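# Structural overview for review
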Amino acid sequence: MGYAEEGLSSELPVKHEMSNDVKAAEEGVITEEHHVELQRALKSRHITMIAIGGAIGTGLIIGTGGALAKDCTDSLQPGAILISYSFVGFIVYLVMCGLGEMATWLPMPSGFTGYAVRFCDPALGFAIGWTYWFKYIIVTPNQLTAGALVISFWIDTTRVNAGVWITVFLVLIVCINYFGVRFFGEFEFWLSSFKVVVIVGLILLSFILMLGGGPDHDRKGFRYWKSPGAFNWYIEESAAGRFYAFWATMVSATFAYLGTELVGVTVGEAQNPRKTIPRAIKLTFYRILFFYVISVLLVGTLVPYNSPKLIFATKQSSSAAASPFVVAIELAGIPVLPHILNACILLFVFSAANSDLYIATRTIYGLAREGKAPAIFARTDRRGVPIYALAISATIACLAYMNVSSDSKTVFAYFVDLVTIFGLLTWISLLVTHIHFVRARKAQHVPDADLAYRAPFGAAGSYFALVFCCIIALTKSYDVFTHNPKWGRFNYKTFITAYLGIPLYLMLIFGYKLVTRCKGVDPAEADLWSGKEEIDREEAEFLARKAMEEPHNPRGNWFYNTFVAWLF
């Protein structure tokens, strides 16, 4: 089932909106009405695991190494990492709550773009959609490259060119996305479940090693929190240096959590979204907080921040070597396990590339549905797969081949650094949109009781998160302004690639306003209702079918729901 097309854009009158045929004709493509709809094939467990799988990845298992030991002569500290991961986890929760409130009120197939267009400003919808797409069409080839580097742990690139592995991974993820959302959801569910098993296993192993259960029988406890210490300095030995060190971990934690919001892109293909989305958001927060906070706490007790092996590992090209968990295993004297962990990381990277291509496809599809991208990208096949959106996203993913050439690696690294800021700008845009959504509800006297899910902290929580997201966005590469012993003076190249995303984002907003002459949405006139009746009807039909199925299967997935669902 899909949504009716009417009313998805607040820029056109609800009852007199141009048909898809007319829109498509303007773009030179004839698109039939029944060939622009997604299918609701993602179940609750799919949504939940896609959400958690998008956030639990190499950022946790590898990125903590870069936060624990910085790529310079000075190091960071486990105490600051624990604080920053906990605090940023709370910020993520506030972002997800605001998103959940909007997504359950009106689960639109256009996702982020549609909410910004309806509740805030069409220009913001244009900017958030395109920047989010830019992020994922660059992140996807980056993940493909990471997969090739992981394999180099066993097979050197001099024996087999990295382009071979990039081709294999690209073909596989395109096929998985092409087979339909039902297949994609099932595949991603099991891959994400495997991620959870690996992380839980690492947590248990770390706890055992901490208590002296490894081959060395060394009961470490919190020894390294005392010597060399839980807090250190960065860049300079002063009070300012200690603050630099702490803030660097805040930035690392922020980018480790990026991707959690992708659950908002899946609402157009979710079964019974008013139940599945809130559940995914609530459980995802607790799981991520548990996995991240407990992991960084334990790994900080096992590896001292001044460990030569940790500093050496973060400079290696192989993903497994860069993981602080591998360093902890090596320090404990456990053989073979690094190879097993490297194989797990390979699946982590493959899962990330697969979901990144999915998000890129659905984002450009949502833009096309809102009339902010060529209409051909809104066309789907009979299975509800936006094949043209998939084709353009997969084609751009071929940028991964730039990394095969050493001359192109630097240019590609600039691309990656440029678009990482877009993930943070997405959070900022979602928070601004939620604030306007709350204003619109109050202006139109929509009671809280009518909401399927309400953000616990309301607009105040979004304001709080918005302030800190803006601060982190502006200071994420603060060390280009300091006297860094690595650079010695102002690093203009890093400054440009780190911050150019912000003016590009603003140019998209104001450029769209200049061209279209659009205005911000008045809260009293925000379109809260178009399409809601169709969604209510779909939900009622789905619940009726489930009620008819229960007498034939009264136990349902009892074992799963009772013993496994809390984790998966």
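Calculation notes
Residues numbered from 1 in each chain as written. Predicted model: local features only at pLDDT ≥ 70, side-chain atom pairs only at ≥ 80, totals over all residues. Heavy atoms only, no water. UniProt positions renumbered as here; feature names shortened; annotations may be inferred. Helix = DSSP H or I, 4+ residues; strand = E, 2+ residues; numbered from the N terminus. Buried < 20%, exposed > 50% of the residue type's maximum accessible area, 1.4 Å probe, protein only. Contact = heavy atoms within 4.5 Å. Areas by Shrake-Rupley, 256 points an atom, 1.4 Å probe, with all protein chains shown as cover. Phe/Tyr/Trp six-rings, centres within 6.5 Å; stacked < 30°, edge-to-face > 60°. Salt bridge = Lys/Arg side-chain N within 4 Å of Asp/Glu carboxyl O. Axes fitted to C-alpha atoms, helices over the stretch in contact; angles between N-to-C directions. Parallel < 35°, antiparallel > 145°, perpendicular 65-115°, else oblique. Left-handed = near helix turned anticlockwise from the far one by under 90°. Nonpolar A, V, L, I, M, F, W, Y, C, P; charged D, E, K, R; others polar. Patch = residues over 30% accessible without salt bridge, like charges linked within 9 Å, V, L, I, M, F, W, Y side chains within 5 Å. pLDDT = per-residue confidence, 0-100. Expected span 1.5 Å × (residues − 1). Arc of directions from axis to C-beta.

An unreviewed UniProt entry annotates the protein chain as Amino acid permease (Dip5), putative originating from Aspergillus clavatus. Word for word, the UniProt comment on the protein chain under Subcellular location (unreviewed entry) is "Membrane".

If you tally the helices and strands in the protein chain, you get 22 helices and zero strands. Counting only residues that meet the buried cut, the protein chain has 58% of its 568 residues in that class. Across the protein chain, contacts joining residues at least 24 apart in sequence account for 81% of those joining residues at least 6 apart. Total accessible area computed for the protein chain in this model is approximately 23,100 Å², and 65% of it derives from carbon and sulfur atoms.

This paragraph deals with the environment of Ile 151. By the element assignment, Ile 151 lies in helix 7 (residues 122-151). Between the C-alpha atom of Ile 151 and that of Trp 165, which follows or precedes it by 14 residues, the distance is 8.1 Å. Beyond its immediate stretch of four places on either side in the chain, Ile 151 contacts Trp 165, Phe 169 and Leu 346.

Quick look at the side chain of Lys 135 now. Mapped onto the elements of the fold, Lys 135 is located in helix 7. On the basis of relative accessible area, Lys 135 is assigned to the buried category, the value being 7%. The contacts of Lys 135, once residues within four sequence positions are left out, are Leu 258, Gly 259, Glu 261, Val 419, Phe 422 and Gly 423.

The final tally for this structure, using the stated rule, is 27 aromatic pairs. Ring plane angle 50° and centroid distance 6.1 Å describe the contact between Tyr 85 and Tyr 257, whose orientation is recorded as tilted. Of this pair, Tyr 85 sits in helix 5 (residues 78-105) while Tyr 257 sits in helix 11 (residues 239-257), and the two are 172 residues apart along the sequence. Just as Tyr 85 is buried, Tyr 257 falls in that class too. The rings of Phe 126, Trp 130, Trp 133, Phe 134, Phe 422 and Tyr 512 are connected pair by pair, giving a single aromatic cluster.

Let us now look at the environment of Tyr 453. Summarising the element assignment, Tyr 453 is placed in the loop between helix 17 (406-443) and helix 18 (458-475). Judged by its relative accessible area of 7%, Tyr 453 falls in the buried class. Sequence spacing of Tyr 453 and Glu 101 is 352 residues, and the spatial spacing of their C-alpha atoms is 5.4 Å. Sequence-distant contacts of Tyr 453, that is, excluding residues within four places in its chain, are made with Cys 97, Gly 100, Glu 101, Thr 104, Pro 278, Ile 281 and Lys 282.

Take the pattern of salt bridges next. Using the criterion set out here, one finds five salt bridges in the structure. Linking Lys 513 and Asp 121 is a salt bridge whose minimum nitrogen-to-oxygen distance equals 2.8 Å. Here Asp 121 lies in the loop between helix 6 (112-119) and helix 7 and Lys 513 lies in helix 20 (residues 501-516), a separation of 392 residues in the sequence. The buried category is assigned to Asp 121, whose relative accessible area is 12%. One network of salt bridges, in which partners are shared, links Glu 101, Arg 441, Asp 448 and Arg 454.

Two elements in contact, helix 8 (residues 162-178) and helix 16 (residues 387-396), have axes separated by 11 Å at closest approach and are oriented at 165°. Taken as axis vectors, helix 8 and helix 16 run roughly antiparallel relative to one another. Relative to helix 16, the crossing made by helix 8 is right-handed. Across the interface between the two elements, Leu 170, Val 174, Asn 177 and Tyr 178 of helix 8 pack against Ile 387, Leu 390 and Ala 394 of helix 16. Per-class residue counts for the contact of helix 8 with helix 16 are six nonpolar, one polar and no charged.

A cluster of nonpolar side chains, namely Phe 481, Tyr 492, Phe 495, Ile 496, Leu 500, Leu 504 and Met 507, defines an oily patch on the protein surface of about 670 Å² accessible area. Contributing elements (two or more residues each) for the nonpolar patch: helix 19 (492-499) and helix 20. Counting residues per element, the nonpolar patch draws most heavily on helix 19, at three residues.

Even without being glycine, His 445 reaches a positive phi, approximately 60°. Relative to the helices and strands, His 445 is located in the loop between helix 17 and helix 18. Even without glycine at this site, Arg 517 takes up a positive phi of about 60°. Owing to a relative accessible area of 65%, Arg 517 belongs among the exposed residues under this scheme.

Time to look at the confidence of the model for the protein chain. Residue-level pLDDT values for the protein chain average 76, and 75% of them are 70 or greater. Element-level pLDDT for the protein chain is lowest in helix 1 (residues 20-27), with a mean of 37, against a maximum mean of 93 in helix 18. Note on residues 1-34: pLDDT is under 50 here. Beyond four places in sequence and across chains, it has 82 contacts. Between residues 69-75, whose pLDDT stays under 50, and residues either more than four places distant or in other chains, the model counts 20 contacts.

Helix-helix packing is characterised by the crossing angle of the two axes and by the distance between the axes. Between helix 8 and helix 15 (residues 337-369), the shortest axis-to-axis distance is 9 Å and the interhelical angle comes to 50°. What the angle tells us is that helix 8 and helix 15 run oblique. The interaxial crossing formed by helix 8 with helix 15 has right-handed handedness. When helix 8 is examined against helix 15, the residues Phe 169, Leu 172, Ile 173, Val 174, Ile 176 and Asn 177 are found in contact with a partner set consisting of Leu 346, Phe 350, Ala 353, Asn 354, Leu 357 and Tyr 358. When grouped by side-chain class, the residues that make up the contact of helix 8 with helix 15 number ten nonpolar, two polar and no charged.

Moving on, we come to helix 18. Here helix 18 is 18 residues long and its end C-alpha atoms lie 27 Å apart, about the 26 Å a rise of 1.5 Å per residue gives. For helix 18, every residue scored as buried is listed here: Gly 458, Ala 459, Gly 461, Ser 462, Ala 465, Leu 466, Cys 469, Ile 472 and Ala 473. Down the axis of helix 18, the sector holding all buried residues measures 140°, keeping them to one side. Looking at helix 18, the residues exposed on the side facing more than 90 degrees away from the buried face are Ala 460 and Leu 474.

Mapped onto the fold, Pro 273 is located in helix 12 (residues 273-302). The class of Pro 273 is buried, set by a relative accessible area of 6%. Between the alpha carbons of Pro 273 and Ile 47 there is a distance of 9.3 Å; along the sequence they are 226 residues apart.

Attention now moves to helix 14 (residues 324-332). The element helix 14 is extensively covered by neighbouring structure, given that seven of its nine residues are classed as buried. All of the buried residues in helix 14 are Pro 324, Phe 325, Val 326, Val 327, Ala 328, Ile 329 and Ala 332. Positioned one or two residues after helix 14, Gly 333 has a phi angle of 80°, which is positive.

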